[in-house]
Amino acid sequence: MLRFLLMRIASAIPVLFILSVVTFAIIKAPPGDYADYIRSQLMNQGGASFAQADEQAQIYRREHGLDKPLVVQYVNWVGGIVTRGDFGYSMFYNKPVADVVGERLPRTLALALVCHILASILGIGFGIWAATRQYSWIDTLLSGISFLGMTVPRFLMALIIVYILVFQLNVSEIGSFFSPQYGGAPWSWAKFVDLVKHVWPVVAIATFGGLAYNMRVMRGNLLDTLNAQYVETARAKGLSGAAVVMRHAVPNALHPLVMYQGVVLPYMLTGEIETAIIFTLPTVGPAIVGSMAVGDVYVTATFMMVLSATLIIGNIIADMLLALLDPRVRQQGGIH
């Protein structure tokens, strides 16, 4: 198993390198950088002339290496990551990028993990329920829910909920994790309840999309498995319907779903990011949008690389789980 894991990690390194090159090039492709943002701020808010503002922008560009060729900027960035663990300096937040990531990434991952667990449990359960009642009203209802979850954009659902909360229910505390009285307070049950009140829309929207995909995949897999020969044999032996489904059909129907989790985990993460942008929660999403708007390239590139890494990590975890569940995968991969 260790050899299998090391092979997967080794194969991921070239992918990450290629992604880093493509990501950095795309982010730097649009004209302008943070020095241009400084120039516009000096002119619009500081009252400086164009010549004065441009002089300050050029000084800033030289001091931070923004005047160097794109290849040199990329090499310096990657070299700092590999040799010193330095992801660069955030010009907009005025702190190291690692600090910005350390502040926002744990919150994002925690929300995404909660959404992923809820979507997996509910999606698998509803998928089993729908497959064992094929063509019934329950199957039709759950299929309709799955269709909505896969087709309705998450940002649209977020906008609708924001409109209802703000304009219909007069909720004013949007865009934070806690109410003011719980901001610096120690953890308690009341603080946890307050947290749930603030983040439930993000969790609900991201979970709904993942639930729909999990339910659709589980229903299709289980329907195929229920028609297999060994399931018919189990029924012929006199086993109850629940025993046939749960002991024989469901474990085998889970194999494709386990592989599917490598895609669903990043889907949960991007779902949280999309909705967090609408709700302006202090997580990764608003940081990416804000850094892109002002040309804070190292923040944007680092966050995009983190999102790419989650896709790779999700697929590695899915491979490991499938290898544990299916002996054929271990044999083909040379796992002992």
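In this text, all values refer to a predicted model and were calculated from it rather than measured experimentally.

About the cut-offs
Residues numbered from 1 in each chain as written. Predicted model: local features only at pLDDT ≥ 70, side-chain atom pairs only at ≥ 80, totals over all residues. Heavy atoms only, no water. Helix = DSSP H or I, 4+ residues; strand = E, 2+ residues; numbered from the N terminus. Contact = heavy atoms within 4.5 Å. Areas by Shrake-Rupley, 256 points an atom, 1.4 Å probe, with all protein chains shown as cover. Lys, Arg positive; Asp, Glu negative; His and termini not counted. Charge placed at Lys NZ, Arg CZ, Asp CG, Glu CD. Expected span 1.5 Å × (residues − 1). Buried < 20%, exposed > 50% of the residue type's maximum accessible area, 1.4 Å probe, protein only. Arc of directions from axis to C-beta. pLDDT = per-residue confidence, 0-100.

### A short note on the overall build of the protein chain
For the protein chain, the count of helices and strands is 13 helices and two strands. Of the contacts made within the protein chain by residues no fewer than 6 positions apart, 72% connect residues no fewer than 24 positions apart. Total accessible area on the protein chain is roughly 18,000 Å²; 68% of this is exposed by carbon and sulfur atoms. One way to put it: in the protein chain the 22 positive side-chain charges average out to a point 11 Å from where the 19 negative ones average out.

### Details of helix α4 (residues 70-84)
Between its first and last C-alpha, α4 extends 21 Å over 15 residues, near the 21 Å set by a 1.5 Å rise per residue. What α4 keeps buried is the set Gln-73, Tyr-74, Trp-77 and Gly-80. In a view along the axis of α4, the buried residues occupy a sector of 130 degrees, so they form one face of it. For α4, the exposed residues lying more than 90 degrees away from the buried face are Val-71, Val-82 and Thr-83.

### Some thoughts on the confidence of the model for the protein chain
When pLDDT is averaged along the protein chain, the result is 82, and 93% of the positions lie at 70 or above. The least confident element of the protein chain, judged by mean pLDDT, is helix α13 (residues 327-332) at 58; the most confident is helix α6 (residues 137-151) at 89.

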